[in-house]
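# Descriptive structure summary
Take a look at the letters that make up each chain.
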Amino acid sequence: MTGKNQSDRENTFSYRILSAIFFAIIILISLFSAISFIDDSLYLRETFQEEMKETEQNLVHSANLINQGLILYDTSFDRELMTHFETFLDAYTRSGGDPSLMNLSVLKSQIERGASGDIDLYIINETGIIEYTTYEPDYLLDFSVWPEVYEEITQIRLNNAYSSDRVVKGFTDSAIKKYAYFPTPDHRYLFEISLSSTDFDTTRDRKFSYLAIAQDIPELRKIVESIKFFDETVTFSDDPKTGLVGSEYYPDYLLTPEKQALITEVFKTKEDRQEQDRANHIITTYLYIDLNDDKTVSSSKLSLVAEIDYTTAVLDETIFSKLILSLAFICFSIIIALIIAYSVYRFISKPVDEIIEDIEIIADGDYDHPIRPTQGIDLERLGKSIMIMVDRLRENINQIKGQSDQIEEQSEELRQELVQRNEIEKALLLANKKLNLLSGITRHDIRNQINALMLFHETLRKKLSHDPGGEELIDTLNQISETILNQIEFTKDYQELGSGEAAWHHIGEILENIIAENRFFGIDIGYQTKSLEIFADKMIEKVFYNLLDNAIRHGGTITTITISYQIRDTFCIIVVEDDGKGVPDQIKEKIFTQGFGSNTGFGLFLSREVLAITGITITETGQEYQGARFEILVPPGKWRLKNEEIFSSAEQP
């Protein structure tokens, strides 16, 4: 198949219809696949989020259960510690309330004889500082650094009752101890006893272990890769890794400064945080677990932060698999659609191509060539309709051939008639030229005779200077001669009217020429026409001269004449107005008639005739005693602003 045939086939209506259907199907399939993929992805992600949320709820619940178990275990030592405070208080009484006279080492040995573990004694002064102790690392430890703890021990010191604390880490090291407090009778000091026991490691941490949660949940929930717990020691210890619960089980764990700062922020704000490592398919949640029950001194320091690493590898792999499946489905659909579209196209295009071939043969002049029969009622009807059209076309062609002969005969007659008309027009032009020449010669001869007559008048005036009646007759003869001269000049102007082609005339230049060539003494003539041009006869300058001359002759004591223009809809109105006596209403139209007026009577009549050649009209619209006002109405297409393509509208000047 040639490139031309391929191009023709692609421009067929059936090809375009099937192409549109094909692309519509592809778009719908792609849209359906995209929506399905997006819905599946959202569902998988929402399911993942729900499982994360459920995991964190279970984690908080389990941590609270372990904390309750630890509380029960820790309170089991309270009875023993209350007994030890009796010995501690007796020694304070014997010293006369002076701790410096107390031998805490001897007192410690006495108390340890009946204790279930190692005992240490502490005496805390009013400022919250451990002033005396048997545990050297805590000497001079200042509780005011931790405002919540300091406030708690101050309340205990000012009361009269025993107060128990939890089994917690110390503030100076990671040793696990059970603490208890009792105020001195004078409330100057607060006694503190700590109990450390191997049972804390063997029994307490094994039965009630947060590490068990960290190991059990990842086994139950496959999306959890690891869980680690941090206590608040991580926020102030020199070795923040001591804040990692069961740090000995994580020897390779790296607590970076960035991660430490993040955990510290969670403890401070008590709000969860989340980070995502897309490269390694990890989502890390830092979950704040509030274990503060406000019942012990250290309760505010018992809350935890759980670092939960979720793996998104399975989720990302599943979403990617669905994407590949969607793309494969789209590709498969495109192939199937192409096969179906091509089959349908061939089924439709073949009979259409046959009909087109038959039509092309007929178009080449073989009107007897038949349209081949095709399958399908519609195409069969089309073939019959084409044959009917061909028959009618044949009849019309025969009629046109017959009519063309008649047209040729008529055209010959018209040609001869045009030749005769051209000859007549040439004869008329020649006759008109001879008449114009004759008129010019006649006017010249009459003007010369009148000039001679006027010279004769002057001679006659001198001879009849002593006769009063003769002077009057001579003046009358002069007036008659001047009138004849004016009429001759009018015939010359009227003969030239319309003799040349109309053109564009710049109003400002016309007025400038008139004012320069004619001195209007004592009259202020101003014009505001900017770049206005009008399409008019070549005698347009005489129109404006007549208007100015008419104003001066008949306006009385005028001082100002103004020419301006304004745009009204698509028309341009040129206004010529003065401050003279104006024109009475009864003669506003008569002044434009031939012979009206006290001068020649031709000025305004000729002006209207000149303007009318290009469809321009002129009217007088002034008020009597307020000055004359002539409005020249220029229709659309006959005015413009120079250097601007404005013919029907313009800005107001």
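Anyway, here's the lowdown on the structure attached to this text. Remember, it's a predicted structure, so these values are computed and weren't measured experimentally. (Residues numbered from 1 in each chain as written. Predicted model: local features only at pLDDT ≥ 70, side-chain atom pairs only at ≥ 80, totals over all residues. Heavy atoms only, no water.)

### Notes on the environment of Leu 547
Here is the rule we go by: Every helix listed is a DSSP run of H or I at least four residues long, and every strand listed is a run of E at least two residues long, numbered separately from the N terminus. A contact between two residues is defined here by any heavy atoms of the two lying within 4.5 Å.
In this structure, Leu 547 sits in helix α13 (residues 540-554). Between the alpha carbons of Leu 547 and Ser 607 there is a distance of 8.3 Å; along the sequence they are 60 residues apart. In this structure Leu 547 touches Val 576, Leu 604, Ile 618, Phe 630 and Ile 632, once residues within four positions along its chain are discounted.

### Examining the sheet that holds strand β9 (residues 304-311)
Under the convention used in this document: At least two bridges found by DSSP between two strands is the condition for calling them paired. To obtain an axis, a line is fitted to C-alpha atoms, over the contacting stretch when the element is a helix, and the angle between two such axes runs from 0 to 180 degrees between their N-to-C directions.
Read from one edge of the open sheet, 4 strands run β6-β9-β8-β7, paired in antiparallel fashion. Each edge of the open sheet is held by one strand with a lone partner, namely β6 (224-230) and β7 (273-277). Between one strand axis and the next, the sheet turns by 15 degrees as a mean value, whatever way the strands run. Two strands pair when backbone bridges link them, and β6 and β9 are joined in this way by 6 bridges, in the antiparallel orientation. In the sheet register, Ser 226 faces β9, and the bridge partner there is Asp 309. Strands β6 and β9 of the sheet are contacted by helix α7 (residues 210-220), whose axis makes an angle of about 165 degrees with β6. Against the sheet, helix α8 (residues 257-269) contacts β6, β7, β8 (282-289) and β9, and its axis sits at roughly 40 degrees relative to β8.

### Some thoughts on α8
Think of an α-helix as turning once every 3.6 residues; residues three or four places apart then point the same way. Our working definition: Multiplying 1.5 Å by the residue count of a helix minus one yields the expected span of that helix. Each residue is assigned to one of three classes by its accessible area relative to the maximum for its type, calculated with a 1.4 Å probe on protein chains only: buried under 20%, partly exposed between the two thresholds, exposed over 50%. Within this analysis, the arc is defined by the directions that extend from the helix axis to the C-beta atoms.
Given a rise of 1.5 Å per residue, 13 residues ought to cover 18 Å, and the 18 Å separating the end C-alpha atoms of α8 matches this to within 8%. The set of residues buried in α8 consists of Leu 262, Ile 263, Val 266 and Phe 267. For α8, the angular spread of the buried residues around the axis is 140 degrees, confining them to a single face. Turned more than 90 degrees off the buried face of α8, the exposed positions are Pro 257, Glu 258 and Lys 268. At its buried positions, α8 is contacted by β6, β7, β8 and β9.

### Brief notes about the packing of α13 against helix α14 (residues 603-612)
Quick reminder of the rule: Two helices that cross are described as forming a left-handed crossing if the nearer one is turned anticlockwise from the farther one by less than a right angle, and a right-handed crossing if clockwise.
Contact geometry for α13 and α14: axes closest at 9 Å, N-to-C directions at 150 degrees. Along this stretch, α13 crosses α14, giving a crossing that reads as left-handed. Residues Ile 540, Lys 542, Val 543, Asn 546, Leu 547 and Asn 550 of α13 touch α14, and the partners they reach there are Gly 603, Leu 604, Leu 606, Ser 607, Val 610 and Leu 611.

### Quick notes on the packing of aromatic side chains
Basically, it comes down to this: Here a Phe, Tyr or Trp ring, Trp counted by its six-membered ring, pairs with any other such ring whose centre lies within 6.5 Å, and the pair is stacked when the planes are under 30 degrees apart, edge-to-face when over 60, and tilted otherwise. Two thresholds decide whether a charge sits over a ring: the Lys NZ or Arg CZ must be within 6 Å of the ring centre and within 35 degrees of the ring normal.
Summed over the entire model, instances satisfying the criterion amount to 13 aromatic pairs. Both rings, one in Tyr 210 and one in Phe 229, keep their centres 5.6 Å apart while their planes meet at 45 degrees; by these two values the pair is tilted. With Tyr 210 in helix α7 and Phe 229 in strand β6, this pair connects stretches of sequence that are 19 residues apart. Taken as a pair, Tyr 210 and Phe 229 share a single burial class, namely buried. Here the aromatic residues Phe 85, Phe 88, Tyr 92, Tyr 162, Phe 182, Tyr 189 and Phe 191 are joined through ring pairs into a cluster of three or more. When the ring centre of Phe 592 is taken as reference, the NZ or CZ atom of Arg 608 above it lies at 4.1 Å.

### Here we look at unusual backbone geometry
Positive phi outside glycine occurs at Leu 140, with the angle close to 65 degrees. The topology assignment puts Leu 140 in the loop between β2 (130-133) and α5 (147-158). Despite not being glycine, Asp 569 has its phi angle at roughly 60 degrees, a positive value. Judged by its relative accessible area of 67%, Asp 569 falls in the exposed class.

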